[in-house]
Amino acid sequence: MSQTFLHHTASLIVAGNFHHLRIGVLAFQGDVREHIHVLEELGAQVVKVRRPDELASVDALVIPGGESSVLDKLVRLFGMQQPLREAIASGLPVFGTCAGLIMMADHIVDAISEQESLGGLHVDVRRNAFGTQIDSFEVDLEMPGVTAEPVPATFIRAPIVERVGEGVRVISQLDDGRIVAVEQGYLLGISFHPEVNGDTRVHEYFLGRVAQSVSEKKASI
Amino acid sequence: MTEKNNAPLTGSNRVKRGLAEQLKGGVIMDVVNAEQARIAEDAGAIAVMALERVPADIRAQGGVARMSDPDLIEGIQAAVKIPVMAKARIGHFVEAQVLAELNVDFIDESEVLSPADYINHIDKWAFDVPFVCGATNLGEALRRINEGAAMIRSKGEAGTGDVSEATKHIRKINSELRWLSSMSKDELYVAAKELQAPYDLVVEVAAAGKLPVPMFTAGGVATPADAAMMLQLGADGVFVGSGIFKSGEPAARAKAIVKAAAFFDDPQVIVETSRGLGEAMVGINVSDIPAPHRLADRGW
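It should be emphasised that the depicted structure is a prediction, and the values quoted were computed from it without experimental measurement.

Overview of the interface of chain A and chain B
Consideration 1: Between chain A and chain B, the residue contacts involve 44 residues of the former and 46 residues of the latter.
Consideration 2: Summed over both sides, the interface between chain A and chain B buries roughly 3800 Å², with carbon and sulfur atoms accounting for 56% of that surface.
Consideration 3: The largest per-residue losses of area from chain A upon contact with chain B belong to Q133, I134 and E138 of chain A, which jointly make up 17% of the total buried on that side.
Consideration 4: Counting across the chain A and chain B interface gives seven salt bridges.
Consideration 5: Between chain A and chain B we count 20 residue pairs in polar contact (both at pLDDT 80 or more) in total.
Consideration 6: Looking at the side of chain A that touches chain B, the elements that each hand over two or more residues are α2 (32-41), α4 (68-77), β7 (137-143), β8 (147-155) and α7 (194-197) of chain A.
Consideration 7: Across the side of chain A that touches chain B, the residue classes break down as 14 nonpolar, 13 polar and 17 charged.
Consideration 8: Direction of pairing for β7 of chain A relative to strand β1 (residues 9-10) of chain B: antiparallel, over a ladder of two bridges.

Concerning the pairing of β8 of chain A
Residue and element names in this part refer to chain A.
Consideration 1: In terms of burial, β8 is largely enclosed, as seven of its nine residues are buried.
Consideration 2: Bridge analysis of β7 against β8 gives six bridges, and the strand direction is antiparallel. Counterpart to L141 in the pairing with β8 is V151.
Consideration 3: Hairpin connection of β7 to β8: three residues between the antiparallel strands, including G145 at a positive phi of 90°.

Notes on the sheet that holds β7 of chain A
Consideration 1: Judged by pairing direction, the sheet is antiparallel, and its three strands sit side by side in the order β8(A)-β7(A)-β1(B) without closing on themselves. The strands lining the two open edges of the sheet, one partner per strand, are β8 of chain A together with β1 of chain B.
Consideration 2: Along the sheet, helix α8 (residues 201-220) of chain A makes contact with β7 and β8 of chain A, crossing β8 of chain A at roughly 115°.
Consideration 3: The sheet contacts of helix α1 (residues 13-22) of chain B involve β7 and β8 of chain A together with β1 of chain B, and relative to β7 of chain A the element is tilted by about 95°.

A word on the nonpolar core
Consideration 1: Formed by 125 residues in total, the largest nonpolar core has its most connected members in F28 of chain A together with L142 of chain B.
Consideration 2: Among the nonpolar cores identified, the runner-up in size contains 39 residues, and F18, I36, A153 and F192 of chain A belong to it.

Focus: unusual backbone geometry
Note on backbone geometry: most residues besides glycine have negative phi, and most peptide bonds are trans.
Consideration 1: Phi at E114 of chain A takes a positive value of approximately 70°, unusual for a residue other than glycine.
Consideration 2: Following the sequence through the fold, E114 of chain A ends up in the loop between β5 (105-109) and β6 (121-126).
Consideration 3: For E114 of chain A, a relative accessible area of 71% translates into the label exposed.
Consideration 4: Its identity as a non-glycine residue notwithstanding, N103 of chain B has a phi of 60°, on the positive side.
Consideration 5: Its place among the elements puts N103 of chain B in the loop between α5 (93-101) and β5 (106-110).

Let's talk about the packing of aromatic side chains
How two aromatic rings sit relative to each other is given by the distance of their centres and the angle of their planes.
Consideration 1: In total, this model carries twelve aromatic pairs over all chains according to the counting rule given.
Consideration 2: Aromatic pair Y189 of chain B and Y199 of chain B: ring centres 4.6 Å apart, planes at 5°, arrangement stacked. Here Y189 of chain B, found in helix α8 (residues 188-195), pairs with Y199 of chain B, found in helix α9 (residues 199-208); they are ten residues apart in sequence, far enough to count as distant.
Consideration 3: The class of Y199 of chain B is partly exposed, set by a relative accessible area of 27%.
Consideration 4: Among the aromatic residues, those joined into a cluster by ring pairs are F130, F137, F155 and F192 of chain A.
Consideration 5: In this structure, R50 of chain A is placed above the aromatic ring of F263 of chain B, and the distance from its NZ or CZ to the ring centre is 4.3 Å.
Consideration 6: The ring of F239 of chain B is capped by R153 of chain B, whose NZ or CZ atom sits 5.9 Å from the centre of that ring.

Some thoughts on the pairing of strand β3 (residues 47-50) of chain B
Residues and elements named next belong to chain B.
Consideration 1: Burial along β3 is two-sided: A47 and M49 facing one way and V48 and A50 facing the other are all buried.
Consideration 2: Alignment of strand β2 (residues 27-31) against β3, held across four bridges, turns out to be parallel. Residue pairing across strands places I28 opposite A47, the latter belonging to β3.
Consideration 3: Examined bridge by bridge, β3 and strand β4 (residues 84-89) share three bridges and lie parallel to one another. Looking across to β4, one finds that V48 is bridged to V84.

Focus on the side chain of K24 of chain B
Consideration 1: Looking at the element boundaries, K24 of chain B is found in the loop between α1 and β2.
Consideration 2: Apart from residues no more than four positions distant in its own chain, K24 of chain B is found in contact with Q29, G30, D31, R33 and E34 of chain A together with P214, F216 and D236 of chain B.

Examining α1 of chain B
Consideration 1: Across the ten residues that make up α1 of chain B, a large majority, eight, are buried.
Consideration 2: When α1 of chain B is considered as a whole, its buried residues turn out to be V15, K16, R17, G18, L19, A20, E21 and Q22 of chain B.

As for the side chain of D162 of chain B
Residues and elements named next belong to chain B.
Consideration 1: Position of D162 among the secondary structure elements: in the loop between β7 (151-154) and α7 (164-181).
Consideration 2: The side chain of D162 is buried and forms no salt bridge, while R294, the nearest opposite charge, is found at 8.7 Å.
Consideration 3: A polar side-chain atom of D162 sits 2.8 Å from the main-chain amide nitrogen of V286.
Consideration 4: Sequence-distant contacts of D162, defined by excluding residues within four places in its chain, comprise G219, G220, I284, N285 and V286.

So, the packing of helix α2 (residues 34-43) of chain B against helix α4 (residues 70-79) of chain B
All names here are of chain B.
Consideration 1: As a packed pair, α2 and α4 sit with axes 8 Å apart at the nearest point and diverge in direction by 35°. By crossing handedness, the relation of α2 to α4 is classed as right-handed. For the pair formed by α2 and α4, the contact residues are A34, A37, R38 and E41 on the first element and G75, I76 and A79 on the second.
Consideration 2: In terms of residue class, the contact of α2 with α4 is built from four nonpolar, one polar and two charged.

What to know about the pattern of salt bridges
Consideration 1: Under the defined criterion, the tally for this structure stands at 32 salt bridges over all chains.
Consideration 2: Of the charged contacts, one joins R51 of chain A and D266 of chain B as a salt bridge, the two residues approaching to 2.4 Å between their closest N and O atoms. Here R51 of chain A is found in the loop between β2 (45-49) and α3 (52-56), whereas its partner D266 of chain B is found in the loop between α12 (250-262) and α13 (267-274) on a different chain.
Consideration 3: Of the residues examined, R51 of chain A reaches a relative accessible area of 26% and is grouped as partly exposed.
Consideration 4: Taking relative accessible area as the criterion, D266 of chain B reaches 12% and is therefore assigned buried.

Rules behind the numbers
- Residues numbered from 1 in each chain as written.
- Chains lettered and ligands numbered in written order.
- Predicted model: local features only at pLDDT ≥ 70, side-chain atom pairs only at ≥ 80, totals over all residues.
- Heavy atoms only, no water.
- Contact = heavy atoms within 4.5 Å.
- Buried area = accessible area lost by both parts, 1.4 Å probe.
- Salt bridge = Lys/Arg side-chain N within 4 Å of Asp/Glu carboxyl O.
- Polar contact = N/O pair within 3.5 Å; in protein donor to acceptor, adjacent residues only side chain to side chain.
- Helix = DSSP H or I, 4+ residues; strand = E, 2+ residues; numbered from the N terminus.
- Nonpolar A, V, L, I, M, F, W, Y, C, P; charged D, E, K, R; others polar.
- Pairing = 2+ DSSP bridges.
- Buried < 20%, exposed > 50% of the residue type's maximum accessible area, 1.4 Å probe, protein only.
- Axes fitted to C-alpha atoms, helices over the stretch in contact; angles between N-to-C directions.
- Core = buried A, V, L, I, M, F, W, Y, C linked by side-chain atoms within 4.5 Å.
- Phe/Tyr/Trp six-rings, centres within 6.5 Å; stacked < 30°, edge-to-face > 60°.
- Lys NZ or Arg CZ within 6 Å of the ring centre and 35° of its normal.
- Lys, Arg positive; Asp, Glu negative; His and termini not counted.
- Left-handed = near helix turned anticlockwise from the far one by under 90°.

Structure, rendered in structure tokens:
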């Protein structure tokens, strides 16, 4: 009873206030700055993460857009693959956009030779599913459960989710049915880049989830 | 929120600049064949620039340098999955049309090739493919952005392995950005005149304190320390042309430069990446190149 009460009040207090959250942004390569900008605008504390001790200090992690094969190489070269896999396994909330979604997927379709993902999100993701840059596009997308109004979505040589496994909820699809946003527990993966549009709503949704995870952890102590 | 836009929009400014944003922190490598492209991809290149001769050879061999053969570009596109860029001559909009038709991911309107127009650059708004253009100063950068460039590349002096010009150009652009930000509103009219750049763009950049597109650095980057210095000076990423495949051990050097770019602010990492790379490209001191042969002066 007291635990439920504590949980309930905690989530009331944090609604719309993210100052107590420490959010890491994986900062090896990609549109790190755009994510930091949106997160800071929402009031979160932001830490660039490139080392295990930086990862250990955060309440959640954002994996930015970039080139997934390069992110993978750098993550391994600098000894971050294991710490990241352990953090995801232990329930760290993670939000990945584009290359970030690919990094979170259990399986990559059409990967570059020897490319590995971190895994954890039970989906198959096809890398660069639309073609070359000429096929990159922007469109407004419905994201039920995340935000009421459509979100402007920019797809840059973007991936799509080809198969969803157990416990994965589909958040958004293109008009042709292709899956471009999924959620599994505290893992959120999307094909496009709300950060380059400067739209804060998807990040705001994620921070809300992080706040929930933080208060759950506190409640369980 | 306006009403929902259901029709996917390609080739928009946001889509073009969006790709440039995703390349940040990365190393773009010049390659002349599929084998080099694979080495670059394996080493962690963020993209490859497909061309027939690296700038050092263009410089050595002389003659008119043009767009690469479509077969060569397609061979490189088939060999790698990372973005493929290719160069068109300054002002040569038909070379750009050819590259767009080949579905390259980015076109570099480059001073490394022989200019095709000594007055006009390409109207880059006419294309769905994003363009990167060189600049040696802020005015030049703003003129290229006004023409539709989605990325700026500070020029340096290509094919030399001498980083001094790259340093000069990025410092110049950044110092002019600081100068512009410090001006009062009524001084921006004259600033636009001096920069020979459109007033609206000058106002936008003065307010933001930075360019509206990513700025990479090119021209003479040959070592991990060179790349790290460019990033510490504020570049969003680097182009490495002759520096990799004109060196003793291209694969090792390429990988080292990628690592140095990711940890550009950590001297310990730069130490490790600088070890045992074999010979760097021999290089030419820019001061030994007579002024008419300097590539950075191409662009208007």
